[in-house]
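What follows is the residue order along each chain.
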Amino acid sequence: MKKNTIMIYGINTLYEAIKSKIKIYKIYLNKKNNKNNKIKKIIKYSKKNNISLNEIINLNFKKIEKKNHQGVFAIIDHIQLLKIENIIPMIYNSGKIPLLIILDSITDVRNFGSIVRTSACTGVDAIIIATKNSVTINSDSIKTSSGGIFKIPICKEKNIIKIIRYLKSFGIQVIAVTEKTDNICYKFNYKNPTAFILGSEQKGISKKYLSLCNNTVKLPLIKNSLTSLNVSVACGAILYETIRQRLIES
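Note that the structure is a prediction, hence the values are computed from the model and not measured. (Residues numbered from 1 in each chain as written. Predicted model: local features only at pLDDT ≥ 70, side-chain atom pairs only at ≥ 80, totals over all residues. Heavy atoms only, no water.)

Asker: With reference to specific residues and values, describe the side chain of Ser119.
Answerer: Assignment of secondary structure puts Ser119 in helix H4 (residues 109-121). Residues within four places of Ser119 in sequence aside, it is in contact with Ile101, Val124, Ile127, Ile152 and Leu239. (Helix = DSSP H or I, 4+ residues; strand = E, 2+ residues; numbered from the N terminus. Contact = heavy atoms within 4.5 Å.)

Have a look at this one:
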């Protein structure tokens, strides 16, 4: 593959990549899939934009042979990682109420992909990850996001403490979602500009980040149940509570 390119696989993933207008270098399709409506659109797009299209009977490609590629993979330009300082003014200028996610030491590609997918569905404006101890943006995380990664800015930042302070200076409340608190999440107001921070299931949220947060909240668990939720599930639950407040109660 060319330098600074990435391989993606799966019909929805490629379809969302096309809609995002990211640079696509090559597309490989299983001929048996050419009756699928999205595949037809992919073929039409590739021909219109002079993208190298390879229709083959069997996709024998070692890197994805055990993955759910659905007979489709492509070589695209790398995912551009942004800076949150460039995103916040744009959000306010558009008239939106900022809604952000900060991920602390989330390294599992499936959790990350699920968080991205849910964030794209709930109108999150950006996801912030750290330069160190964070997930790699690769084929698997893109596939797990079901193409959601093409719809939402991913910001990679060296100093998360600095970023938390920066967000607060713009009137954005930073709320830690953690089981290590007595504050039930439904008692708080998320209609205001909000950034949720979530930590890994192994270590949780770093104390240095917790000390800077405006509040800490947790999702209620039934007595004698498991002690914590999967981080992507917790992210989905808090985001949909935010949407409920902003859309239904507004």
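Asker: Break down the pairing of strand S9 (residues 194-199) for me, citing the residues and quoting the values.
Answerer: Judged by how many residues are buried, S9 sits mostly within the fold: 6 of 6 residues are covered. Burial along S9 is two-sided: Thr194, Phe196 and Leu198 and Ala195, Ile197 and Gly199, pointing in opposite directions, are all buried. Sheet topology places strand S5 (residues 99-104) next to S9; 6 bridges connect them, and they run parallel. Note on S9: the bridge partner recorded for Ile101 is Phe196. The pairing of strand S8 (residues 173-177) with S9 spans 4 bridges and is classified as parallel. Looking at S9, one finds that Ile175 is bridged to Phe196. (Buried < 20%, exposed > 50% of the residue type's maximum accessible area, 1.4 Å probe, protein only. Pairing = 2+ DSSP bridges.)

Asker: Tell me about the sheet that holds strand S6 (residues 126-130), and please be specific about residues and values.
Answerer: Taken in spatial order, the 6 strands of this open sheet run S7-S6-S5-S9-S8-S10, and their pairing is parallel. Because the sheet does not close on itself, it has two edges, and the strands there are strand S7 (154-157) and strand S10 (215-217). Taken over all neighbouring pairs, the strand axes of this sheet differ in orientation by 25° on average, direction set aside. Summarising the sheet, S6 and S7 pair through 4 bridges and their orientation is parallel. Across the sheet, the residue bridging to Ile128 is Cys155, located in S7. Set on the sheet, helix H3 (residues 84-93) makes contact with S5, S6 and S7; between it and S7 the angle comes to about 140°. Against the sheet, H4 makes contact with S5, S6 and S7, and its axis sits at roughly 155° relative to S6, the strand it touches most. (Axes fitted to C-alpha atoms, helices over the stretch in contact; angles between N-to-C directions.)

Asker: So what's going on with a nonpolar patch on the surface? Which residues, and what values?
Answerer: On the surface, Leu221, Leu229 and Val233 cluster together into a nonpolar patch covering about 230 Å² of accessible area. Classification of Leu229 by relative accessible area gives partly exposed; the value is 35%. (Patch = residues over 30% accessible without salt bridge, like charges linked within 9 Å, V, L, I, M, F, W, Y side chains within 5 Å. Areas by Shrake-Rupley, 256 points an atom, 1.4 Å probe, with all protein chains shown as cover. Salt bridge = Lys/Arg side-chain N within 4 Å of Asp/Glu carboxyl O.)

Asker: So what about the pattern of salt bridges? Which residues, and what values?
Answerer: Following the criterion strictly, the structure yields 5 salt bridges and no others. With its nearest N and O atoms 3.2 Å apart, the salt bridge here joins Lys151 to Glu16. On the criterion of sequence distance, the pair formed by Lys151 in the loop between helix H5 (139-144) and S7 and Glu16 in helix H1 (residues 11-20) is long-range, its members being 135 residues apart. Judged by relative accessible area, Glu16 falls into the buried class, the value being 14%. Its salt-bridge partner being Asp125, residue Lys96 comes within 2.6 Å of it at the nearest N-O pair. Separated by 29 residues along the polypeptide, Lys96 in the loop between H3 and S5 and Asp125 in the loop between H4 and S6 bring together distant segments of the chain. Lys96 gets classed as partly exposed once you look at its relative accessible area, which sits at 39%. Classification of Asp125 as buried rests on a relative accessible area of 10%. Taken together, the shared-partner salt bridges connect Glu16, Lys19 and Lys151 into one network.

Asker: A description of helix H2 (residues 37-48) should follow, citing residues and the corresponding values.
Answerer: Taking 1.5 Å of rise per residue, the 12 residues of H2 would be expected to cover 16 Å, and the 17 Å separating its terminal C-alpha atoms lies within 8% of that figure. For H2, every residue scored as buried is listed here: Ile39, Ile42, Ile43 and Ser46. Projected down its long axis, H2 shows its buried positions confined to an angular sector of 95°, all on one face. Seen from the buried face of H2, the exposed residues on the opposite side, beyond 90 degrees, are Asn37, Lys44 and Lys48. After H2 finishes, the residue Asn50 shows a positive phi value of roughly 55°. (Expected span 1.5 Å × (residues − 1). Arc of directions from axis to C-beta.)

Asker: I'd like a description of the nonpolar core, backed by residues and values.
Answerer: Among the nonpolar cores identified, the biggest contains 49 residues, and Ile101, Phe112, Ile127 and Phe196 are the most heavily contacted of them. The dominant element in this core, judged by the number of residues it contributes, is helix H8 (residues 231-248), at 5 residues. Ignoring sequence-local partners within four residues, the contact set of Phe196 consists of Leu99, Leu100, Ile101, Ile102, Ile175, Val177, Tyr190, Ile238, Leu239 and Thr242. (Core = buried A, V, L, I, M, F, W, Y, C linked by side-chain atoms within 4.5 Å.)

Asker: For unusual backbone geometry, give the residues involved together with the corresponding values.
Answerer: Unusually for a residue other than glycine, Ser105 sits at a positive phi of about 60°. Take Ser105: it is sitting in the loop between S5 and H4. Positive phi outside glycine occurs at Asn133, with the angle close to 55°. Here Asn133 lies in the loop between S6 and H5. When its relative accessible area of 58% is taken as the criterion, Asn133 is described as exposed.

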